[in-house]
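Residues per chain are reported as follows:
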Amino acid sequence: MSGDAGKQHENRMAPPRLAAWLVERCWPGLDGEAVAGDLDEEFLLYVRPRRGALPARAWYWRQALMALGTALKRRLSSGPHSPIHPSKFHGPPPFKGRSGGAFVSRLLQDLRYAFRGLRARPVISLVVILTLALGIGAATSVFSVVDGVILDPLPYQQPHRLIKLYPDQLLPFGMPAVQYLEDHAQSFEVAGWTRSLFPLTGQGGPEDARGARVFASHFSLLGARPALGRAFQPQDGRPGAPPVVILSHALWARRYGSDPSIVGRTILIGDTSVEVVGVMGRDYQPMERDWLIWQPAQRSPDSNMHTPWALNGRLREGYTVEHAQQELRSLLPEFWLSEHGYQATEEDFAQMRVVPLRDWILQDSQAILWTLMGAVLSMLLIVCANVANLLLAQGNARRAEMSVRLALGAGRWRLVRQLLTESALLGLAGGLLGMLAALAMVQVGVANMPPQVPRLHNIGISAPVLLFGLLLSLLSIFLFATLPALQTTRRSLAWSLQRASTRSSLGASGLRFNQLLVASQVALMVVLLSGAGLMLRSLWHLLQIDPGFDSQGVVVMRPSPPRESYPDDAGLDQYHRQIREAARAVPGVLSVGQIQFLPMHPGGWRTTFRASDQPLADEEQLPVTNARVVSPGYFSTMRTALLRGRDFQDSDRQDQGPVVIVNQALASAAWPEEDDPTGKQLFIGRDASPLQVVGMVRDVRQSSLREESHPEIYVPLGQQPWRRMFLVARVEGRADELVPVIQQAVWSVNDQTALSHVGLMSEAVGATIADSRFLASLLTAFGALALLLGAVGVYGVMSYTVTRRRLELGIRLALGAAAGGLLRTTILRGLVPVGVGVLIGTPAALLASRLLSSVLFRTPQHDPVAFAAAAALLLAVATAALYIPARRASRIDPASILRADAP
């Protein structure tokens, strides 16, 4: 192109000089230059490429004349000496005296440019928005759980003063001990409760409702009041007082149809008429989440003497938890010594402790939820780093546009503001979509959370959660947008023009920034994947535990026969035989048995034991065992191996000699040098008659898979009648389909029998590891998502690097470089930031693993297998992500590259 032709082409590309001069003159000083610069920028970047030369120049003249008319109108209306405030050149001028008019005008202009820019790059914009929505939505949904369960105060009066007192297991709080604390404690007041089942009859059919017998001061100590009716009063707990109850909101709505007239009416519990005096509100948090009914305990001097009471307390003014614990450790030994002559040991003192009630209710949920919060925030940082890499690559691709703007006089901060405006639109769109995603995530998450998580009803998208989501969106904008905007605009004008005119390789500083973001992503991924690995190994160890029975194909339920139908032991024995026969007659049922306290369910009967050939000293503290009443056929139904002797038989009745079956742990403790305890005699308690051991079964994990087996004795149902017994039935085929059939078989014996704990034994076992399974699944999901995002980020950075180095790679291939060597070199260069990220992330993962220490099972928090597996997986995925762009680099055609870059 000749010089004259080039000059004519340049004139056609440039804005009309006369029109630009008019714009500068109509707005005095720097304001005219700013308006003209904005107009020139829009002309060159948007109008000219889309409309062509002549229509674009006509557009420029029209805008210039509109700006001139606006300026003249303002000057005539305000006087010749009035200052002219800058305004958007084709919009209305700002009101006189409004100092923010120019700012608003420029902000609107930035927003308009930002919309145009995002519309011009729809694919990248959509990817950024969806990626941010995923990260912000996940973080907001997890925070809603943390806020509802942990951060939101308990719905009690002054909840910070509520405490829980221990021990209630090693040396339970009997009524005399409780009364001693009530009379002597100065730093706190107490109220006791104990779990109970209430066989509801009458309206709604038979049902066993779980609840508690509580002190009359239970609700007043918590500072809670019923939504309908009244709380318990002191006279409700006195001997001979009319029986009354308070219902939960759930039971009132389900069984009594939310009838407000229920207050003052009587309902049937067994064969007793009981007055309903109150209904708790929907938001009331009971001590245990499945409680449906409360009844005041009758506190006579000779009643409830041996009932173990769990104690809540309220600190008095001026006292702390430490004061209460010191006083508890001084009062209880005094009571045991004065009442029972028992000298407290150091082990007893270790059991005496006082904790805030909030900590007792939340228990391990705090560690689990804070771990999830840290994991999801780490994933959000990975999302931000990924988006920042994408925006940085896009910014480098737009360097020609930035060069033109710099040439037109735009300052660096003007360009930074424009880029931040575009990023803000992306962030806000991602945040809004993320909040909508959080609504769905919360609903799905609550439905699948383990039942051990307390306060599930309190989880939702509240005002604090919305505020958190908004702040998270703004913080994400700052994290992923600021650094790319500064990096894109930090070069000088001469450098930008030089880079815009060539396709040379990416600058070293830009590449270093990309690699820094990749290393940061990898470090965070190491933390997430290591945590997921620890939880998966812990879960694997739990699943390998043999509980001592086979839970598959076992249907369980707990019948509660009406007391008036079976008032004595003979009637109960007949009833239990009848329901076993009725269940055994169901087609598909292989065997049936009964047990007093089913494994994996709360409850137990603790007593002391000793072998008959062991002398008993007065000062000796006897070992403790759990005792359970079982029927013939229970061990075979549960497939608990009988190692020695025989099973119970129907002939083991009260008129025969008392017999027991022991487990391995008790046999080892009582007769450590004997292999076969059958025929031995065992004493239960200090003054009991000896029991004949007729068999030994293998150890069973009764409480959960996490807890080791303890000494156990099993007593035949025929010699120890018990009213509420779990019924277990082993079936063939689909066990869930036979549950209602077995229910009907039980009701065929007595249709007023209330049933509870109806379900499958496998579900009960699974519930004991539900928290570990839940945490492992979520950490694995977050880790897998982070790994995918990281792989995409590594691939994107490497792909962009190869694109920017095409000329360099083409020259190297033209000079004889081997394609295989170039492939290896490119992959190794890409693995450098990945290796740096692994080295940085491993120490961080070691520190973060402390959060999981309380929920790990047989897995050390610094397990080398989990950390090594996380690092190896990351390196493997990164290598796979690097292979595709590296292979593309090794197949570049040098001739085509050199021809394309030739002047």
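Rules of the game
- Residues numbered from 1 in each chain as written.
- Predicted model: local features only at pLDDT ≥ 70, side-chain atom pairs only at ≥ 80, totals over all residues.
- Heavy atoms only, no water.
- Patch = residues over 30% accessible without salt bridge, like charges linked within 9 Å, V, L, I, M, F, W, Y side chains within 5 Å.
- Areas by Shrake-Rupley, 256 points an atom, 1.4 Å probe, with all protein chains shown as cover.
- Salt bridge = Lys/Arg side-chain N within 4 Å of Asp/Glu carboxyl O.
- Helix = DSSP H or I, 4+ residues; strand = E, 2+ residues; numbered from the N terminus.
- Contact = heavy atoms within 4.5 Å.
- Expected span 1.5 Å × (residues − 1).
- Bend = angle between axes of the 7 residues up to and from the residue.
- Buried < 20%, exposed > 50% of the residue type's maximum accessible area, 1.4 Å probe, protein only.
- Pairing = 2+ DSSP bridges.
- pLDDT = per-residue confidence, 0-100.

### Section: a nonpolar patch on the surface
A cluster of nonpolar residues, Leu 126, Leu 130, Leu 433, Leu 436 and Leu 439, forms a patch on the protein surface that exposes about 450 Å² of accessible area. Every element with two or more residues in the nonpolar patch is listed here: α6 (122–151) and α15 (412–448). In terms of residue count, the dominant contributor to the nonpolar patch is α15 (three residues). Relative to the assigned elements, Leu 130 resides in helix α6.

### Quick look at the side chain of Thr 640
Along the chain, the position of Thr 640 falls in the loop between α20 (634–638) and β15 (642–645). Non-local contacts of Thr 640, meaning those with residues more than four positions away in its chain, are made with Gly 548, Phe 549, Phe 635, Val 697, Arg 698 and Val 700.

### Re helix α27 (residues 864–890)
Helix length check: α27 (27 residues) gives 37 Å between terminal C-alpha atoms against 39 Å at 1.5 Å per residue, within 8%. Its axis deflected by about 35° at Tyr 883, α27 carries its strongest bend there, up to four residues before the proline Pro 885. Of the positions making up α27, those classed as buried are Ala 866, Phe 867, Ala 870, Ala 871, Leu 874, Ala 878, Ala 881, Leu 882, Pro 885, Ala 886, Ala 889 and Ser 890.

### Here's the deal with the pairing of strand β8 (residues 293–296)
With burial as the criterion, each face of β8 is covered, one bearing Ile 293 and Gln 295 and the other bearing Trp 294 and Pro 296. One ladder, built from four bridges, connects strand β3 (residues 207–214) with β8; its direction is parallel. Within the sheet, the bridge partner assigned to Val 214 lies in β8 and is Pro 296.

### Some points on α6
Taking 1.5 Å per residue, 30 residues should reach 44 Å; α6 reaches 40 Å between its end C-alpha atoms and fits that length. The element α6 is largely enclosed, with a buried count of 22 among its 30 residues.

### Notes on the confidence of the model for the protein chain
Low pLDDT means the predicted atomic positions in that stretch should not be read closely. On average, residues of the protein chain carry a pLDDT of 81, and 81% of them reach 70 or more. Low pLDDT (under 50) marks residues 79–100, which in the prediction has 40 contacts with non-local residues, meaning those over four places away or in another chain. Here residues 499–506 is modelled with pLDDT under 50, and outside its nearest four sequence neighbours on either side it reaches 21 contacts, counting other chains as well.

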